[in-house]
Amino acid sequence: MRHSAVVTGGASGIGKAVVKRLLEDGWPVAVVDSDRAALAEAEAAFSDENAIFLLADVTDDDEIADVFDQAVDSLGLIGGLVNCSAMARDLPVEETSAEFLRQMLDVNLVGSFITSRAALERMGESLAIVNMASVSGMRADRGRAAYGASKAGLKLMSEVLALEYGPAGVRVNCVAPGHVETSGVSRLYAAEHRRSWLKGVPQGRYGEPEEIAAPVAFLLSPEASYINGHTLVVDGGFLSAGVLEDR
């Protein structure tokens, strides 16, 4: 019997594409999100699928414990977790307050720790976790002191989880997207700013959410059974581009 998968931040963007792909692959999926309106839209979109939709804040231990219990009760023990919940905003260092940094770390790093612990406590015979890192956690960029630090921390935390829980049948990996075409990106960045980013992408385009969902699905699958503690970069060649002209 196949175990269930939980996708946090699964009501929109990359998370929603991950939910769609996992359902196509036969996973029962619990979609966890803090955006009530987006969650309702996702529920309507996947109304005929083997999925449940749960409202929760990933930074709240009690809320996460409750929705993970609901997931197990409805869909069975957890075999897969994908952490897509994230906060993204660019600010130069002089405008980055300690409070903003703490908030970014709380959502992007601590939240994934809380959900990972919850999944570990409710896992089936095995568990695969995929955390959504970022190329911003692997290369410095202006305005991303807080965001980049949170994603760099997520990468290292994933490696520690892989090390400590590997003997228990747990695999923990990251996918690090580059520039991906989502509604959130459209809201955050003007078209001119987005075009300037493409100068640093050898493939010359933004990725699609489905192009991130595919490697996530692979890392959850038995085909990736010997991949553990790895970060798979999906960025159109951005990290390999070397020193770039000032955008």
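For the structure, check the block above.
As the structure is a computational prediction, the values presented were derived from the model and not from experiment.

Conventions and cut-offs
- Residues numbered from 1 in each chain as written.
- Predicted model: local features only at pLDDT ≥ 70, side-chain atom pairs only at ≥ 80, totals over all residues.
- Heavy atoms only, no water.
- Helix = DSSP H or I, 4+ residues; strand = E, 2+ residues; numbered from the N terminus.
- Expected span 1.5 Å × (residues − 1).
- Contact = heavy atoms within 4.5 Å.
- Axes fitted to C-alpha atoms, helices over the stretch in contact; angles between N-to-C directions.
- Left-handed = near helix turned anticlockwise from the far one by under 90°.
- Nonpolar A, V, L, I, M, F, W, Y, C, P; charged D, E, K, R; others polar.
- Buried < 20%, exposed > 50% of the residue type's maximum accessible area, 1.4 Å probe, protein only.
- Salt bridge = Lys/Arg side-chain N within 4 Å of Asp/Glu carboxyl O.
- Pairing = 2+ DSSP bridges.
- Parallel < 35°, antiparallel > 145°, perpendicular 65-115°, else oblique.

**A few points about helix 5 (residues 145-165)**
Here is step 1: In this model helix 5 runs 30 Å from its N-terminal to its C-terminal C-alpha over 21 residues, within 8% of the 30 Å that 1.5 Å per residue would give.
Here is step 2: Taken together, the buried residues of helix 5 touch helix 4 (98-120), strand 5 (123-132) and strand 6 (170-177).

**A word on the packing of helix 3 (residues 61-75) against helix 4**
Here is step 1: Interhelical geometry of helix 3 versus helix 4 gives an angle of 35 degrees and a closest axis separation of 10 Å. As helix 3 runs across helix 4, the sense of the crossing is right-handed. Contact with helix 3, carried on its side by Asp61, Ile64 and Phe68, involves Ile114, Thr115, Ala118 and Ala119 of helix 4 and no other residues of that element.
Here is step 2: For the contact of helix 3 with helix 4, the class distribution of residues is 5 nonpolar, 1 polar and 1 charged.

**Quick notes on helix 1 (residues 13-24)**
An α-helical turn contains 3.6 residues, so a residue and the one three or four places further along point in the same direction.
Here is step 1: Between its first and last C-alpha atoms helix 1 spans 17 Å; for 12 residues at 1.5 Å apiece the expected length is 16 Å, and the two agree.
Here is step 2: Among all positions of helix 1, only Ile14, Gly15, Ala17, Val18, Val19, Leu22 and Leu23 are buried.
Here is step 3: One or two positions beyond helix 1, positive phi appears at Gly26, with a value near 95 degrees.

**Topic: the pattern of salt bridges**
It is possible for side chains bearing opposite charge to pair when their charged atoms get close.
Here is step 1: Across all of its chains, the model carries 8 salt bridges by this definition.
Here is step 2: In this structure, Glu24 engages Lys20 in a salt bridge whose closest nitrogen and oxygen atoms are separated by 2.6 Å. Taken together, the residues Glu24 and Lys20, both in helix 1 and 4 residues apart, mark about one turn of the helix.
Here is step 3: Overall, the relative accessible area of 52% leaves Glu24 in the exposed class.
Here is step 4: Assessed through its relative accessible area of 43%, Lys20 is described here as partly exposed.
Here is step 5: Between Asp25 and Arg21 there is a salt bridge; the shortest N-O distance is 3.3 Å.

**Re the sheet that holds strand 5**
Here is step 1: The 7 strands are arranged 3-2-1-4-5-6-7 in an open sheet whose pairing can be described as parallel. Looking at which strands have only one partner, the edges of the open sheet turn out to be strand 3 (51-55) and strand 7 (231-234). For this sheet, the mean angle separating the axes of adjacent strands, direction not counted, is 20 degrees.
Here is step 2: In terms of strand pairing, strand 2 (residues 29-33) meets strand 3 through 5 bridges, oriented parallel. Looking at the pairing, Asp33 lines up with Leu55 of strand 3.
Here is step 3: Against the sheet, helix 1 engages strand 1 (4-8), strand 2, strand 3, strand 4 (78-83), strand 5 and strand 6, with an angle of about 165 degrees to strand 1.
Here is step 4: Relative to the sheet, helix 2 (residues 36-45) contacts strand 2 and strand 3, its axis offset from that of strand 3 by approximately 170 degrees.

**So, the environment of Ala88**
Here is step 1: Within the fold, Ala88 resides in the loop between strand 4 and helix 4.
Here is step 2: You can call Ala88 partly exposed: its relative accessible area is 38%.
Here is step 3: A C-alpha to C-alpha distance of 9.1 Å links Ala88 and Arg144, two positions 56 residues apart in sequence.

**Here we look at the packing of helix 1 against helix 8 (residues 209-220)**
Here is step 1: Contact geometry of helix 1 with helix 8 gives a least axis separation of 8 Å together with a crossing angle of 50 degrees. The orientation of helix 1 with respect to helix 8, classified from their angle, is oblique. The two elements helix 1 and helix 8 meet at a crossing, and its hand is right-handed. Contacts from Gly13, Ile14, Ala17, Val18, Arg21 and Leu22 in helix 1 reach Pro209, Glu210, Ile212, Ala213, Ala214, Val216, Ala217 and Leu220 in helix 8.
Here is step 2: Its residues assigned to classes, the contact of helix 1 with helix 8 shows 11 nonpolar, 1 polar and 2 charged.

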